[in-house]
Amino acid sequence: MKKRYRILITGVVQGVGFRPFVYRTARKYSLSGFVKNTVDGVLIEIEGHDSEIKNFLKEVKNSPPEGAKIRSVFEQGIPEKGSSTFRILASSKSLSQQPEIPPDLAMCASCRKEIFDKEDRRYGYPFTNCVDCGPRFTIINQLPYDRKNTSMAGFTMCPECRSEYLSPEDRRFHAQTNCCPKCGPFVFLTDVSSRVLEKGNAAIRKTAEILQKGKIVAIKGIGGFHLACNALSPAAVKTLRVRKKREEKPFALMARNIPAIEKFCTISEIEKQHLVSSSAPILLLEKKNGSCLFDDVAPRNKYLGIMLPYTGIHEMIFASGNLEMLVMTSGNMSEEPICTRNDEAIERLSGIADFFLFHNRDIISGCDDSVARVLPDGKLMMVRRSRGYTPGSIRSPFRMRHNVLGCGSDIKNTFCLASERLFYVSHHIGDLENVSAMGSYKTAIDRYTRLLRFRPDIIAYDAHPGYFSTALAVSDEFFPDCHKISVYHHHAHVCSCMIENNLENRNVIGVAFDGTGYGEDGNLWGSEFLVCDYSHFENIAHLRPVRLPGGEKAIREIWRTAIAYLYDTFGKDFDGIFAGINRRINPEISGSIVKMIDKNINSPYSSGMGRLFDAVSCLCGLRDIVRYEGQAAMELESLLPDIEMDRSYRFDIVDDSKTIIIDQRSTIREIVNDLNSSLPPGRVSRRFHSTVVKMILDVCRIIRKETHLNKVVLSGGCFQNVFLSVNARRILEKDGFSVYTHSKIPPNDACISAGQAAIADFLQIGSEVDFRKPGKRC
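Each residue is numbered by its place in its chain's sequence as written, counting from 1. For a predicted model such as this one, the threshold for reporting local features is a pLDDT of at least 70, and the threshold for listing and counting side-chain atom pairs is 80 or more; totals across whole chains, interfaces and linings nevertheless cover every residue. For side-chain calculations, the full set of non-hydrogen atoms in the structure is used, while hydrogens and water are omitted.

1. Observations regarding the nonpolar core
Phase 1: As used in this record, nonpolar core signifies buried Ala, Val, Leu, Ile, Met, Phe, Trp, Tyr and Cys residues forming a set joined through side-chain atoms within 4.5 Å. Remark: exposure states derive from per-residue accessible area (1.4 Å probe, protein chains only) relative to the maximum for the residue type, with buried under 20%, exposed over 50%, and partly exposed in between. In terms of nonpolar packing, the biggest core is built from 68 residues, with F513, F529, M609, F688, I696, C700 and L732 touching the most fellow members.
Phase 2: Strands here mean DSSP runs of E at least two residues long; helices mean DSSP runs of H or I at least four residues long; both are numbered from the N terminus. The biggest single contributor to this core is helix 22 (residues 681-707), with 10 residues.
Phase 3: Counting 47 residues, the second-largest nonpolar core is a separate cluster that includes C108, C158, V217 and I219.

2. A closer look at the packing of aromatic side chains
Phase 1: The pairing test for Phe, Tyr and Trp rings, Trp by its six-membered ring, is centres within 6.5 Å, and the orientation test on the planes gives stacked under 30 degrees, edge-to-face over 60, and tilted for anything in between. With the rule as written, the count across this model stands at 22 aromatic pairs.
Phase 2: Each ring, one from F264 and one from F294, has its centre 5.0 Å from the other, and the planes form 85°; the classification is edge-to-face. Residue F264 is found in helix 7 (residues 258-264), and its partner F294 is found in the loop between strand 11 (282-286) and strand 12 (303-307); the two are separated by 30 residues along the sequence.
Phase 3: On the basis of relative accessibility, which here comes to 9%, the residue F264 falls in the buried class.
Phase 4: Aromatic side chains F398 and F762 sit 4.8 Å apart centroid to centroid with 80° between the ring planes, which places their arrangement in the edge-to-face category. Of the two residues, F398 is situated in the loop between strand 17 (393-395) and strand 18 (404-406) and F762 in helix 24 (residues 752-765); the sequence distance between them amounts to 364 residues. The exposure classification of F398 matches that of F762, with both residues buried.
Phase 5: In this structure an aromatic cluster arises from ring pairing among F186, F188, F225, F356 and F358.
Phase 6: Any Lys NZ or Arg CZ that is within 6 Å of a ring centre and within 35 degrees of that ring's normal is treated as a charge sitting over the ring. Above the plane of the ring of F251 lies R241, whose end atom (NZ or CZ) is 4.3 Å from the centre.
Phase 7: A cation over a ring is seen here: R704 above F737, with NZ or CZ 3.9 Å from the ring centre.

3. Concerning the sheet that holds strand 17
Phase 1: On the basis of which strands lie adjacent, the open sheet formed by six strands has the order 17-20-19-18-21-22 and mixed pairing. Each edge of the open sheet carries a strand with a single partner, namely strand 17 and strand 22 (483-487). Strand-to-strand, the axes of this sheet are offset by a mean angle of 20°, without reference to chain direction.
Phase 2: The pairing criterion for strands is at least two bridges between them, as found by DSSP. Bridge analysis of strand 18 against strand 19 (residues 416-419) gives three bridges, and the strand direction is antiparallel. Its bridge partner being in strand 19, V404 is matched across the sheet by A418.
Phase 3: The contact rule is simple, with two residues in contact once any of their heavy atoms fall within 4.5 Å. Geometry is summarised by axes, namely lines fitted to C-alpha atoms with helices restricted to the contacting stretch, and by angles between N-to-C directions that run from 0 to 180 degrees. This element, helix 13 (residues 489-500), spans strand 17, strand 20 (422-425), strand 21 (458-462) and strand 22 of the sheet and lies at about 80° to strand 17.

4. Overview of the pattern of salt bridges
Phase 1: The term salt bridge refers to a side-chain nitrogen of Lys or Arg lying within 4 Å of a carboxyl oxygen of Asp or Glu. One pass over the structure, following the stated rule, counts 50 salt bridges.
Phase 2: For the salt bridge of R650 with E670, the shortest nitrogen-to-oxygen distance reads 3.9 Å. Taken as a pair, R650 in the loop between helix 20 (631-638) and strand 28 (652-655) and E670 in helix 21 (residues 665-676) lie far apart in primary sequence, 20 residues in all.
Phase 3: R650 gets classed as partly exposed once you look at its relative accessible area, which sits at 46%.
Phase 4: For E670, a relative accessible area of 23% translates into the label partly exposed.
Phase 5: Here K694 makes a salt bridge to D698, at a shortest N to O gap of 2.8 Å. Here K694 and its partner D698 are both found in helix 22, four residues apart, which amounts to about one turn of the helix.

5. Some thoughts on helix 4 (residues 159-166)
Phase 1: Of all the residues in helix 4, the buried ones are C161, E164 and Y165. Each buried residue of helix 4 lies within a common arc of 100° when the element is viewed along its axis, so the set occupies one face. Our arc is simply the arc of the directions from the helix axis toward the C-beta atoms.

6. A look at the environment of I593
Phase 1: Its location among the elements puts I593 in helix 18 (residues 587-598).
Phase 2: Between the C-alpha atoms of I593 and R560, which are 33 residues apart in sequence, the distance is 7.1 Å.
Phase 3: In contact with I593, not counting residues within four places along its chain, are P549, W559, R560 and I563.

7. Description of the environment of D120
Phase 1: By secondary structure assignment, the location of D120 is in the loop between helix 3 (109-115) and helix 4.
Phase 2: The exposure class of D120 is partly exposed, given its relative accessible area of 21%.
Phase 3: The definition of a polar contact used here is a pair of N or O atoms within 3.5 Å, where within protein one atom must be able to donate a hydrogen and the other to accept one, and adjacent residues in sequence count solely through side-chain atom pairs. Engagement of the side chain of D120 in a polar contact is seen with the backbone nitrogen of R122, the distance being 2.8 Å.

8. Focus: the pairing of strand 14 (residues 355-359)
Phase 1: In terms of burial, strand 14 is a largely internal element, five of the five residues being buried.
Phase 2: Neither face of strand 14 is exposed, since F355, L357 and H359 on one face and F356 and F358 on the opposite face are all buried.
Phase 3: Direction of pairing for strand 6 (residues 187-191) relative to strand 14: antiparallel, over a ladder of five bridges. Note that in strand 14 the partner of L189 across the bridge is L357.
Phase 4: As paired strands, strand 8 (residues 217-220) and strand 14 are joined by three bridges and run parallel to one another. Directly across from A218, in strand 14, lies its bridge partner F356.

9. A few points about the sheet that holds strand 11
Phase 1: Read from one edge of the open sheet, 11 strands run 7-6-14-8-9-13-10-12-11-15-16, paired in mixed fashion. Two strands bound the open sheet, and with one partner strand each, they are strand 7 (196-199) and strand 16 (380-384). Taken over all neighbouring pairs, the strand axes of this sheet differ in orientation by 30° on average, direction set aside.

10. Some details on helix 18
Phase 1: One less than the residue count of a helix, multiplied by 1.5 Å, gives the span that helix is expected to have. Here helix 18 spans 16 Å end to end across 12 residues, near enough to the 16 Å set by a 1.5 Å rise per residue.
Phase 2: Here helix 18 has its buried residues at S590, I593, V594, M596 and I597. Buried positions in helix 18, seen along its axis, are confined to an arc of 155° and lie on one side of it. For helix 18, the exposed residues lying more than 90 degrees away from the buried face are E588 and K595.
Phase 3: Within two residues after helix 18, N600 carries a phi angle of roughly 55°, on the positive side.

As structure tokens, this is what we get:
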């Protein structure tokens, strides 16, 4: 008996070869009907024998193309039409489900093979792609994902490409970005005066030659420009550092292949799988002993951030020269957004790059490379979620009652659009420190809201009154008709982790460790143990607060923080107890810092775990001033040869009836004793890290005893530390706790926007209830 069904499939099903896959599967089971893209997903009408339709649906659901991610399948029986063929129809703009946008996909093996096959018509063509690979999100102007709605609209397919596009048996069947040397984009090399030196393959060969000579080239890629130089040339790397004004922050690397990586880093099979995946992230890999070649690339850091070539341009540069490893850092001046336009690159990068490798396909949305690391248990931890992953959505454990825009934090900013059961966390925007960054932020919000047809009902923003994102959110011109809600930083941290772990609205023990976040008492928090759900939080415990002399200045000049901890522990005689500080800091300056603390001159209280890491790093003599966020903590972690626990330092837990205080003065005292006794800083680091893990366990035990809660959620930038993340989870689970950590979004401030959106929705639902009691603010 014949039947006909209408089927709507939602998720990442456009730009990944889904329609050709449906077409071939329908033909396989002798079914008729059609498939087409809509703004909501893929719409199918299928007609045939009931048993064959069931087989068809089973294969579509269970064996979709590699890049596809099916979110939902809606099936509806409809009257037969007596159709005899199956067709791919033109896209439509009807229906109203929430759409999803495909991420950019790394070059597939089949396309890679073609560009190196001298007999293939795409030999040496860097823009070769198919339904399984190539740009997606970065070239889309609007949905549905059709060529006319992308920056490929200006490139008309030649007869050969058109034939492939129309052939059901070809892997370029309905590939919207299909092109070849006759009809597609091309590359060209210029100097800083915009004089064209070479075009096409000659431009790529010349680029490889220039890089081998130690020059710096700005290379236009999928989501923006990279600044590239030969990573094995210390002179080139140093020149790039000086010109980019990036003193010590590690550079990302691109390796020719896996064997090139294995020369310099230890790499597991799981790490190899992530590197060659369609997402192709930068992975943090541990340097092999003696890999001092990269000391200028990642100073005083045991890890290198490495990716593999993910476009034809990258592949051909390596193939054209004797290059093994390139620095491939974001094409910008430090702390500015990545360049995406050719004219913009000439204007902003001419003082850095010696040459420019351009192409003539526009980048619609800038998108930095993603950064991740594989933990010892094999799980992936995102450090920066961007190209290859965004704008993929995260499914919510509950249905949102409102459309909410979470504005994020000012550090490692992302924003989040939350609607129905989906949270769309944006690509990495970066630090909102200047006008250009704010402009990029606003442009990205406008693009996402337009692509997703999203109009917010609520704007959620960080409670910090000094944030740029907060100022924008509360301004009259920014979605003026929306309800606007401030959300506390560490509550948002915990709730973001709850969202991605599919936790419902029930109380958990939330541990939020980072450097700085604005607290409800106006002080700087960052070592918080919360009891919370999405609608409220109560701050149960934190480190003993210490004043930060100089405020924000102490976050960079960490010797100030070290003095504050010494003074808090030993009083004014600290310089006599720990002579190590006087060898680096003039006693007169130390005295002035003490006066600032005593008189509370620009010295706010801080309980940030990140600040404690800074102080210990400084006490160990690693550095007095940091050049980028988290540097001191990373260098302290880099002293650890492995993640084995050690005997912890002593600390005291004081219950003052309002809040549990973790008094770290005994820890500081014992650290100073060890350093005065010439214990190696590496051993001090291991003992300190073990102490922080024990703090987490001891406080969670106390909270469990009082509340009977057993779920612990770990979030915050400190949990990017492998030792801390792995051991905290292990020791808590051993004690019977259920532990939840981040994997889909980073634990750092990039996760804040998702938590903000969830909290704001629950707060608005319960607006008749006063959740804003002392200790329970949202």
